[in-house]
Structures are given as C-alpha cells and as structure tokens.
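Structural features, examined
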Amino acid sequence: MYDIIIIGAGPAGLSAAIYARRSGKSVLVLEEKTYGGQIVNTPNIENYPGIAHISGFEFATNLYNQAKDFGAEFKFEKAVGIEDREDSKLVKTPKDEYEAKAVIIATGAKNRKLGIDNEDSLVGKGISYCATCDGMFFRDKDVAVNGGGNTAVEDAMFLSNYCNKVYIIHRRDEFRADDKDVERLKEKDNVELVLDSTVSEILSDTDEAGNEHVSGVKVKNKNTGDERVLDVNGLFIAIGQVPDNEDFKDIVELENGYVKALEDCKTDTQGIYVAGDCRTKSVRQLATAASDGAIAAIAASQEV
C-alpha cells in the first residue's frame, strides 16, 4: 500500500513526486516509456523561470534524479486502469496491480503530427510544436505555421513579432479560430495566409557540420492541385494534441479526451487528482505542468 501513485513521469508527474515525498508520503511513479515526457525532445529550454538555458533532456534528468533522491519509487509499466475501492485505489498494469490511498494522473498529451516522412527526424531541427517555446530561435527568419485553430493563429501572431515572414497554412478557406484574432493576424504585414492547402513535403538541407535542418515546405492547394515551395527555416505544427486518458474514462470524467478538473487539480472522483497537459486547461507549458504537479501532490498529501 502506497500513499500516492503517480501515473506518468513527465514534468508534472516528477514534480508531484518531489512534493509528495517532501510531505513524507510513500510514492510510486508508473511510467509507460521513459521519464521526461515530450520535454526531452526540446534542444534548448529558455522559458522556465530561473533557468536561462538547459536542454530538455538535462532538465528531465535533473527532475528524475531529484525525485529518486527524495525516495520516490519508479516502475516502468503502463497503467491500464484504476479501480475505486472504499478506502483506496487499485492501479492496474499489464504486469501487476498496485494499491494507494490517492492517485495523480499525469499522463501528458502528445502533439498531433502531420504524418509526413522525416517529420520525426527534424523535430528540434526546424520542426516544432510549440511557438512560445522555440520561436525565439527563429528571430529574423522565415517560418510557417500549420493549423487553423486558436493555437495556430496565436502562434502565427506571436512569431510575427520576431520572424521576418510568417506563412500560416490551413486546409480550409476559413479559420476555426476566433474572428477577432484572425482579423488581427490579417493586419500583420509580414504574415501570408496559405489557405485551402496542406503540407505535402518537408524539405531539408545539411550544413557543413553534417547537421540536417528544415529548408522549406511544399504545400498543395486542395482545389487546384497546384504545388508551391515555401522557403522557410522552421515549421510550427499546431493541429492539436492527443491526450492519453482513455484507460481512465470509467473512473474520471473526460472532456474531449482530457481529464476534467479546475486549477485545484481535483477530479470528480474522491482521491484522484490530475496534473499537467492531460487535464482541461488553456495553457500547456513546462511551468504550468510543474505547478500542477505541486498543487496535486499537496492536495493528495493532505488527504492521505
């Protein structure tokens, strides 16, 4: 019997483990793959308070080691369900079952990908899924944003303040984003709308040091079939995220796949909390994931 089981070893889950152990609680962290979550793929973090520059891998490793040093136990198994008992929760994996007085779900969310050849290999080399995280690396350069929702329009607006030229590629002739934000974007002199179009190919070059990087994107108009190449240094993909909470739909309320909870990180099931990108929220950043982890861990620790 553990005091708290944390599902997920990303920034939210690791932060929760640190705070729960500092509260003197026994903690088990279950992680399907490896620690760190999506942040391990980020070459350089510059937007976390108090840390000017650090790689995502180093940041995640520091969090993991800190949680281990505090005494958190780790098992690399996928949680596939939670059973609600009167005084405890039973978390099931394909290998075993683990019991705790409280559970924190911190499974994160995966960026929805385009599914184009070499997309994965160019992440961090011109391809990004977070403009506020990586936009400053493209100052005075030409970039493209792919998407038509609020996030894509907000990303394009943000990038237009730093980049030389911003193309926003959308597969329809109208954006799904708020009209007010779209109108503001249209007023930008350095933004070009590429509508009724999809990205058909990501182009790349290799520099003198042998490092591959994005050199452009090929887009295809859905109506005419015409193709054109946009000479850009970066492609920001903003076509949504995919949470991984389906295994818990019978025990907590989901909204569009995300665990429903407010800023207190409490779900509708007593003893179950949620932290990070997998919960309903408007801002999904490294700092807010860490904040959620602390809030959820403190609340759970007070309960048990």
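Reference entry: report on the structure contained in this document.

**A look at helix α5 (residues 179-186)**
Those residues of α5 lying buried are Asp181, Val182 and Leu185. Taken end-on, α5 shows its buried residues confined to a sector of 100 degrees, consistent with a single buried face. Residues of α5 that are exposed and angled more than 90 degrees away from the buried face: Asp179 and Lys180.

**Structural notes on the packing of aromatic side chains**
Centre distance and the angle of the planes are the two values used to describe a pair of aromatic rings. Under the criterion given, the structure shown has five aromatic pairs. Aromatic side chains Tyr64 and Phe74 sit 4.8 Å apart centroid to centroid with 65 degrees between the ring planes, which places their arrangement in the edge-to-face category. One end of the pair, Tyr64, is in helix α2 (residues 56-69); the other, Phe74, is in strand β3 (residues 73-75), with 10 residues separating them in the sequence. Summarising the burial analysis for this pair, Tyr64 and Phe74 share the class buried. Put simply, the rings of Tyr35, Tyr64 and Phe74 pair up and form one aromatic cluster. One residue, Arg284, lies across the ring of Tyr258, its end atom 4.1 Å from the ring centre.

**As for the pattern of salt bridges**
Counted under the stated rule, the structure contains 21 salt bridges. Ionic pairing is found between Arg279 and Glu263, a salt bridge with its closest N-O pair at 2.9 Å. On the criterion of sequence distance, the pair formed by Arg279 in the loop between β19 (272-274) and α6 (286-303) and Glu263 in the loop between β18 (258-259) and β19 is long-range, its members being 16 residues apart. Arg279 sits in the buried class, given a relative accessible area of 1%. Connected through shared salt-bridge partners, Glu32, Lys78, Asp244 and Asp247 make up one network.

**Notes on empty space enclosed by the protein**
Counted by the stated rule, this structure contains one cavity of 30 Å³ or more. The space that makes up the largest cavity amounts to roughly 50 Å³. Together, Ile39, Thr42, Asn44, Ile45, Glu46, Asn47, Cys133, Asp134, Gln285 and Leu286 line the largest cavity. Its residues assigned to classes, the lining of the largest cavity comprises four nonpolar, four polar and two charged.

**Remarks on the state of the cysteines**
Chemically, a disulfide is nothing more than a covalent bond linking the sulfur atoms of two cysteines. According to the stated counting rule, one finds one disulfide in the structure shown. Note that Cys130 is cross-linked by a disulfide to Cys133, the S-S spacing being 2.2 Å. Taking the torsion about the S-S bond as the criterion, the Cys130 to Cys133 disulfide, at about 65 degrees, is right-handed. Not part of a disulfide, Cys163 finds its nearest cysteine sulfur in Cys130, a span of 13 Å. Looking at the unpaired Cys265, the closest cysteine sulfur is the one in Cys278, lying at 9.2 Å. Taking relative accessible area as the criterion, Cys265 reaches 0% and is therefore assigned buried.

**With respect to the sheet that holds strand β8 (residues 127-128)**
Strand order in the open sheet formed by five strands is β8-β15-β9-β10-β11, and the pairing between neighbours is parallel. Strand pairing shows two members of the sheet lacking a second neighbour, β8 and β11 (191-194), which therefore form its edges. Of the pairings in the sheet, the one linking β8 to strand β15 (residues 234-237) comprises two bridges and is parallel in character. Note that in β15 the partner of Ser128 across the bridge is Phe236. Sheet strands touched by helix α4 (residues 150-160): β9 (142-146), β10 (165-169), β11 and β15. Its angle to β10, the strand with the most contacts, is close to 170 degrees.

Definitions and cut-offs
- Residues numbered from 1 in each chain as written.
- Predicted model: local features only at pLDDT ≥ 70, side-chain atom pairs only at ≥ 80, totals over all residues.
- Heavy atoms only, no water.
- Buried < 20%, exposed > 50% of the residue type's maximum accessible area, 1.4 Å probe, protein only.
- Helix = DSSP H or I, 4+ residues; strand = E, 2+ residues; numbered from the N terminus.
- Arc of directions from axis to C-beta.
- Phe/Tyr/Trp six-rings, centres within 6.5 Å; stacked < 30°, edge-to-face > 60°.
- Lys NZ or Arg CZ within 6 Å of the ring centre and 35° of its normal.
- Salt bridge = Lys/Arg side-chain N within 4 Å of Asp/Glu carboxyl O.
- 1 Å grid on protein atoms, 1.4 Å probe; cavity = no way out; pocket = protein on both sides within 12 Å on 5 of 7 lines; lining within 4 Å.
- Points joined across faces, edges and corners; volume = space filled by probe spheres on them.
- Nonpolar A, V, L, I, M, F, W, Y, C, P; charged D, E, K, R; others polar.
- Disulfide = S-S within 2.5 Å.
- Pairing = 2+ DSSP bridges.
- Contact = heavy atoms within 4.5 Å.
- Axes fitted to C-alpha atoms, helices over the stretch in contact; angles between N-to-C directions.

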